[in-house]
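So you can see what is in the structure, the chains are spelled out below.
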Amino acid sequence: MMRPDDMEACRAAIRTGSLSFHAASRLLPARVRDPALALYAFCRLADDAVDDGTDKTAAVLRLRDRLDRLYQGRPIDAAPDRAFACVVETFEMPRALPDALLEGMAWDAAGRRYEDLSGVLAYSARVASAVGAMMCVLMRVREADALARACDLGLAMQLTNIARDVGEDARAGRLYLPTGWLIEAGQDPETFLAAPKPAPAIRMATERILTCADRLYVRAEAGVPALPFGCRPGILAARTIYAGIGGVVARNGHDNIAWRARTSRAQKLGWLALAMIRAIATVLMPRPATLHAPPEPEVAFLVQAAARLAPQKARSEALLAVLAQLEARDRGLKA
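The paragraphs below set out a description of the structure included in this document. (Residues numbered from 1 in each chain as written. Predicted model: local features only at pLDDT ≥ 70, side-chain atom pairs only at ≥ 80, totals over all residues. Heavy atoms only, no water.)

A complete count under the given rule lists zero disulfides for this structure. Cys86 provides the cysteine sulfur closest to Cys10, a residue in no disulfide bond, and the two sulfurs are 10 Å apart. A disulfide-free cysteine, Cys43 has its sulfur positioned 11 Å from the sulfur of Cys10, the nearest such atom. (Disulfide = S-S within 2.5 Å.)

Structure representation (structure tokens):
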């Protein structure tokens, strides 16, 4: 059982670090909301350590060690680790899901870029769809179709984040738009990163990313009726709030360099109310056929792990390879 002080620390981390999730989480039943806050706090603080730290490689390796200790039942003496360890034990969280998140953060630390949409989706699967699959586990939902739609939602939300944060990421030396798209449109990625400014190629790539996100939001919504009724408003709220952020980017002509799209408290409250109404409608409407659409290839491994369609494995060779690369880099920096 989670300690009350650990739970309060997780709430505080989300309240200041992820306003959109904090707003949507209010609509989740307590039996899901509290472990979800513990999950998000651990993921959020781990992500911040990699994104904001001066030594991203060391931050990823520390996260690897923290996950090792979590799954050994001896988390480090920190509120998010103790709380997430409780979640792992209570819900029998497959190791492959947080390991996928670790791999995505390792890709960030390695400075990986993505030539095409599939590469961006593979990254998004790890840093966002893995969280969507873990949310399903917290709801005691293990059906493959529902998990595939949850992973769609994770992909859509991460694509929205990418579209919103192009300017902020570029100023930090990061680029998540497909480089092949930019080159085809006459924009050299290195030139853009050297002096980020609005450009037709950037607007075009942002529009294409948001178009893909919109398709995934629609398909993800087909999975909502497969969730426990009490969880539907919160998930619909997250879907609506993030899609709304994409709408703000689009209304500004897909210019995400000079400013970062933000939504107001009034907008969030309106979307929360809309989510409640749409959740009630899910009881009356038949389940959409798109519920049974196959998962995107980039998230299939997450669906298999969460649905227990494949035996539990140790860390994948791909993850071990990128961690070994980071460990060699870390040793080189310390030599």
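Further remarks concern the packing of helix α4 (residues 56–71) against helix α6 (residues 96–109). Two quantities define a packed helix pair, namely the angle between the helix axes and the distance between the axes. One way to put it is that α4 packs onto α6 with a least axis distance of 9 Å and a crossing angle of 170°. With respect to α6, the axis of α4 lies roughly antiparallel. Together, Lys56, Thr57, Val60, Leu63, Arg64, Leu67 and Tyr71 of α4 and Pro98, Asp99, Leu102, Met105, Ala106 and Ala109 of α6 make up the contact between the two elements. Taken together, the residues that form the contact of α4 with α6 break down as nine nonpolar, one polar and three charged. (Axes fitted to C-alpha atoms, helices over the stretch in contact; angles between N-to-C directions. Helix = DSSP H or I, 4+ residues; strand = E, 2+ residues; numbered from the N terminus. Parallel < 35°, antiparallel > 145°, perpendicular 65-115°, else oblique. Contact = heavy atoms within 4.5 Å. Nonpolar A, V, L, I, M, F, W, Y, C, P; charged D, E, K, R; others polar.)

For soluble globular proteins, nonpolar side chains are generally found buried alongside one another. In this structure, Val60, Phe84, Leu97, Met135, Leu159 and Leu177 are the most contacted members of the largest nonpolar core, which totals 118 residues. Tallying contributions element by element places helix α7 (residues 117–138) first for this core, with 14 residues. If near-sequence neighbours (up to four positions away) are discounted, Val60 is found in contact with Val50, Leu102, Met105, Ala106, Ala109, Leu323 and Leu326. (Core = buried A, V, L, I, M, F, W, Y, C linked by side-chain atoms within 4.5 Å. Buried < 20%, exposed > 50% of the residue type's maximum accessible area, 1.4 Å probe, protein only.)

Now for helix α3 (residues 30–52). For α3, which comprises 23 residues, the first-to-last C-alpha distance of 31 Å matches the rise-based estimate of 33 Å (1.5 Å per residue) to within 8%. Listing the buried residues of α3 in full gives Val32, Pro35, Ala36, Leu37, Ala38, Leu39, Ala41, Phe42, Cys43, Ala46, Asp47 and Val50. (Expected span 1.5 Å × (residues − 1).)

On to the side chain of Asp6. Positionally, Asp6 belongs in helix α1 (residues 4–17). According to the relative accessible area criterion, Asp6 is buried, its value standing at 3%. Looking at Asp6, its side chain comes within polar contact range of the side chain of Arg82, at 2.6 Å. Leaving out residues up to four positions away in the same chain, Asp6 has contacts with Ala79, Arg82 and Ala83. (Polar contact = N/O pair within 3.5 Å; in protein donor to acceptor, adjacent residues only side chain to side chain.)

Let us now look at the packing of helix α12 (residues 200–221) against helix α13 (residues 232–251). Where α12 meets α13, the closest approach of the two axes is 11 Å, and the angle between their N-to-C directions is 160°. For the element pair α12 / α13, the angle class is roughly antiparallel. Pair α12 / α13 crosses with left-handed handedness. Across the interface between the two elements, Thr206, Leu210, Tyr217, Val218 and Glu221 of α12 pack against Leu236, Arg239, Tyr242, Ala243, Gly246, Val249 and Ala250 of α13. Residues of the contact of α12 with α13, tallied by class, amount to eight nonpolar, two polar and two charged. (Left-handed = near helix turned anticlockwise from the far one by under 90°.)

Okay, the side chain of Glu103 next. You can see Glu103 is positioned in helix α6. Beyond its immediate chain neighbours, meaning those up to four positions away, Glu103 contacts Arg126, Ala318, Leu319 and Val322.

A separate point is the layout of surface pockets. Roughly 430 Å³ of volume is contained in the second largest pocket. Residue lining of the second largest pocket: 19 residues in total, with Ala96, Phe301, Ala305, Lys313 and Ser316 positioned closest to the centre. Here the element with the most residues in the lining of the second largest pocket is α6; it accounts for four residues. When its residues are assigned to classes, the lining of the second largest pocket shows ten nonpolar, three polar and six charged. (1 Å grid on protein atoms, 1.4 Å probe; cavity = no way out; pocket = protein on both sides within 12 Å on 5 of 7 lines; lining within 4 Å. Points joined across faces, edges and corners; volume = space filled by probe spheres on them.)

One pass over the full model with this rule turns up one cavity of 30 Å³ or more. Taken as a whole, the largest cavity encloses approximately 30 Å³ of empty space. Around the largest cavity sit Ile162, Val166, Asp169, Arg174, Leu175, Tyr176 and Leu177, which together line it. The residue makeup of the lining of the largest cavity, split by class, is five nonpolar, no polar and two charged.

Note that every value here comes from positions in space, so none of it alone points to a role or purpose.
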